[in-house]
Amino acid sequence: MVSNIHLDGSIKDFKIMKLYTFQGLRRVEVEEAEAGDIVAIAGNGEFNVGETFCEKGQNIILPPLRVDEPTLQMEFGTNSSPLRGQDGKYVTARVIEERLFAETQRDVSLRYTRLPNSETWMVSGRGELHLGVLIETMRREGYELEVSKPHVIVKEIGGVKCEPYEDLQIDVPTEYVGDIMETLGNRGAIMLDMSEANNNTRITYVIPSRGLLGFVSSFLTLTHGYGIINHTFKEYRPLYSHSVGERNLGVLISSDKGDATPYSIEKIEGHGTMFIAPGTTCYEGMIVGEHRYPSDLVVNVTAAKPMTNVRSSTKDQTVVLKAPRKMTLEACLDYINSDELVEITPSTFRMRKKILPTAERKKWEAKQKNLEEN
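Residues numbered from 1 in each chain as written. Predicted model: local features only at pLDDT ≥ 70, side-chain atom pairs only at ≥ 80, totals over all residues. Heavy atoms only, no water.

**Q** Before we go on, may I ask you to explain the overall build of the chain in this structure?
**A** Regarding its fold elements, the chain presents seven helices and 24 strands. Dimensions of the chain, computed from C-alpha atoms along their principal axes, come out at roughly 95 × 50 × 50 Å. Put simply, the chain has 374 residues, and 40% of those count as buried. For the chain, the computed accessible surface area is about 22200 Å², with 50% contributed by carbon and sulfur atoms. In the chain, 44 positive and 53 negative side-chain charges are present, and the distance between their average locations comes to 6 Å. (Helix = DSSP H or I, 4+ residues; strand = E, 2+ residues; numbered from the N terminus. Buried < 20%, exposed > 50% of the residue type's maximum accessible area, 1.4 Å probe, protein only. Areas by Shrake-Rupley, 256 points an atom, 1.4 Å probe, with all protein chains shown as cover. Lys, Arg positive; Asp, Glu negative; His and termini not counted. Charge placed at Lys NZ, Arg CZ, Asp CG, Glu CD.)

Below, the structure written as structure tokens:
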């Protein structure tokens, strides 16, 4: 029996049922442990990170550990697409909430709250990678869900709205420095230092955390894969006034449900870059490609070639299509805008608009435009 000193100063008896140490990757049950050992315990009480266990009567509390608070959050929801339930093993709100609760029991930096009257949860973490790992783990376990674009957590400090900032260090070949500086300048980054050696340049910045949302994909493209990027949380500062982190180009949106055909894709390729191949199952509101211009474009990727009784000498020629752009889960999370979602299933992921019906989406966009103008 030992004493458990809680963070609020209260003291309770705690009976250790089992004590474990670790040998490599194996957990080994032992009778005692010495100072410096990493141990796991099982007992008859509950405790939190930073609390002290000590011999009864020796109630000396240790300084609590500092656990960094989440700086980024995104919405997790049950899959609401027309293809829901066709792939995943766990699709209901109950099992998704149970999974999120189980994750918070072993990840002290993760938090979630359920939004009222919905099957959606606001999940907070310490960055895109932190939340991305959770999403990928759930996908591999058989869960179906949909997630929104990540956004930073804004705090009010001293009556002023503040957002997280990060220290950013970039190492790139010197020939790509101009493009990197222009891109980061548009994202609110402030350059602190730049040095060059052996045709490589190191640049350090301070940047709003939301300026890094979606930047990794652009960074890899701008540097052709030769760049190195590191960033760490610095502090909260007054809210940066400009909008950053949104995609500049529009998307190609499917207008119908069905399988994509080579005939349709061939006609649409001139409008931009496709994300799908022939035979891909699509639905209305699903994002199938990237538009060449800033505006979105609704297209029909499921139309079949009309049948006629006119013979053609070229009828047996094969349609040659460009290879679609392959989008990883991380690339999808970086790519989407605030009015879009990523649908995630065990075998695939799709990008889509939050509002699927084209008519309803256009009404919503017109309403948002009027609000901005007024």
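**Q** When you look at the packing of aromatic side chains in this model, what are you seeing that I'm missing?
**A** When we look at a pair of aromatic rings, we describe it by the centre distance and by the angle of the planes. With the rule as written, the count across this model stands at four aromatic pairs. Taking the centre distance of 5.9 Å and the plane angle of 65 degrees together, the rings of F233 and Y236 count as edge-to-face. Centre to centre, the rings of F275 and Y335 are 5.5 Å apart; their planes meet at 85 degrees, and the pair counts as edge-to-face. Here F275 is found in the loop between β19 (272–274) and β20 (281–282), whereas its partner Y335 is found in helix α6 (residues 329–335), with 60 residues between them in sequence. One cation-aromatic arrangement involves R237 over Y165; the distance from NZ or CZ to the ring centre is 5.3 Å. (Phe/Tyr/Trp six-rings, centres within 6.5 Å; stacked < 30°, edge-to-face > 60°. Lys NZ or Arg CZ within 6 Å of the ring centre and 35° of its normal.)

**Q** Whenever I open this one, the sheet that holds strand β2 (residues 11–14) confuses me. Can you help?
**A** One open sheet accounts for three strands, arranged β2-β1-β6; its pairing is antiparallel. Two strands lie at the open edges of the sheet, namely β2 and β6 (52–55), each paired on one side alone. Between one strand axis and the next, the sheet turns through 35 degrees on average, direction left out of account. Of the strand pairs in this sheet, strand β1 (residues 2–5) and β2 are connected by four bridges, and their pairing is antiparallel. From the neighbouring strand, S3 faces β2, where its bridge partner is D13. (Pairing = 2+ DSSP bridges. Axes fitted to C-alpha atoms, helices over the stretch in contact; angles between N-to-C directions.)

**Q** What's the story with the pattern of salt bridges in this structure? I'm lost.
**A** If charged atoms from side chains of opposite charge come close, those side chains can pair. Applying the stated rule across the entire model yields 17 salt bridges. Linked through salt bridges whose partners overlap, the residues forming this network are R99, E103, R106 and E141. (Salt bridge = Lys/Arg side-chain N within 4 Å of Asp/Glu carboxyl O.)

**Q** Just to check I follow, could you spell out unusual backbone geometry for this structure?
**A** Residues apart from glycine generally show negative phi values, whereas peptide bonds are mostly found in trans. Phi is positive for N117, close to 55 degrees, though the residue is something other than glycine. Position of N117 relative to the elements: it lies in the loop between β8 (111–114) and β9 (120–125). By relative accessible area, N117 is classed as exposed at 85%. Positive phi is not limited to glycine here, since H224 has a value of about 55 degrees. Along the chain, the position of H224 falls in the loop between α4 (215–222) and β16 (228–238).

**Q** Help me understand the pairing of strand β21 (residues 287–291) in this model?
**A** Within a regular beta strand, the side chains point alternately toward one face of the sheet and then the other, so they alternate between its two faces. In terms of burial, β21 is a largely internal element, five of the five residues being buried. Looking at chain direction, strand β17 (residues 251–254) and β21 are connected through three bridges and run antiparallel. For L252, the partnering residue across the bridge sits in β21 and is G289. As defined by bridge partners, β19 adjoins β21 across three bridges and the pair is classed as antiparallel. Residue pairing for β21: M274 is matched across the bridge by G289.

**Q** It is not clear to me how a negative patch on the surface should be interpreted in this structure. Could you clarify?
**A** On the surface, E29, E31, E32, E34 and D37 cluster together into a negatively charged patch. Relative to the helices and strands, D37 resides in the loop between β4 (26–30) and β5 (39–43). When its relative accessible area of 39% is taken as the criterion, D37 is described as partly exposed. (Patch = residues over 30% accessible without salt bridge, like charges linked within 9 Å, V, L, I, M, F, W, Y side chains within 5 Å.)

**Q** Got a minute to help me understand the packing of helix α3 (residues 177–186) against α4 in this structure?
**A** Relative orientation and spacing of two packed helices are given, respectively, by the angle between their axes and the distance between those axes. Where α3 meets α4, the axes come as close as 10 Å, and the angle between the chain directions of the two elements is 160 degrees. Here α3 is positioned roughly antiparallel relative to α4, judged by the angle of their axes. As α3 runs across α4, the sense of the crossing is right-handed. Contacts between α3 and α4 pair D179, I180, T183 and L184 from the former with F215, F219 and L222 from the latter. Of the residues assigned to the contact of α3 with α4, the class counts are five nonpolar, one polar and one charged. (Parallel < 35°, antiparallel > 145°, perpendicular 65-115°, else oblique. Left-handed = near helix turned anticlockwise from the far one by under 90°. Contact = heavy atoms within 4.5 Å. Nonpolar A, V, L, I, M, F, W, Y, C, P; charged D, E, K, R; others polar.)

**Q** What is the right way to look at the nonpolar core in this model?
**A** Soluble globular proteins tend to bury their nonpolar side chains together. Among the nonpolar cores identified, the biggest contains 30 residues, and F76, V147, V342 and M351 are the most heavily contacted of them. Every element with two or more residues in this core is listed here: β7 (72–77), α1 (93–106), β9, α2 (128–140), β10 (145–148), β17, α6 and β23 (340–344). Looking at this core element by element, the count peaks at five residues for α6. Excluding residues that lie within four positions of it along the chain, F76 makes contacts with L100, E119, T120, W121, V123, L134, I135, M138, L145, E146 and V147. (Core = buried A, V, L, I, M, F, W, Y, C linked by side-chain atoms within 4.5 Å.)

**Q** Can you walk me through a nonpolar patch on the surface in this structure?
**A** Together, V49, L65 and V108 make up an exposed nonpolar region whose accessible area comes to about 270 Å². Here V108 shows up in the loop between α1 and β8. Judged by relative accessible area, which is 42%, V108 ranks as partly exposed.

**Q** Please clarify how α1 should be interpreted in this entry.
**A** Side chains that are three or four residues apart share a direction in an α-helix, a result of its 3.6 residues per turn. A rise of 1.5 Å per residue sets the reference length of α1, with its 14 residues, at 20 Å; its end C-alpha atoms lie 21 Å apart and thus fit the reference within 8%. Of all the residues in α1, the buried ones are A93, V95, I96, R99, L100, E103 and T104. Contacts from the buried residues of α1 go to β7, β8, β9, α2 and β10. (Expected span 1.5 Å × (residues − 1).)

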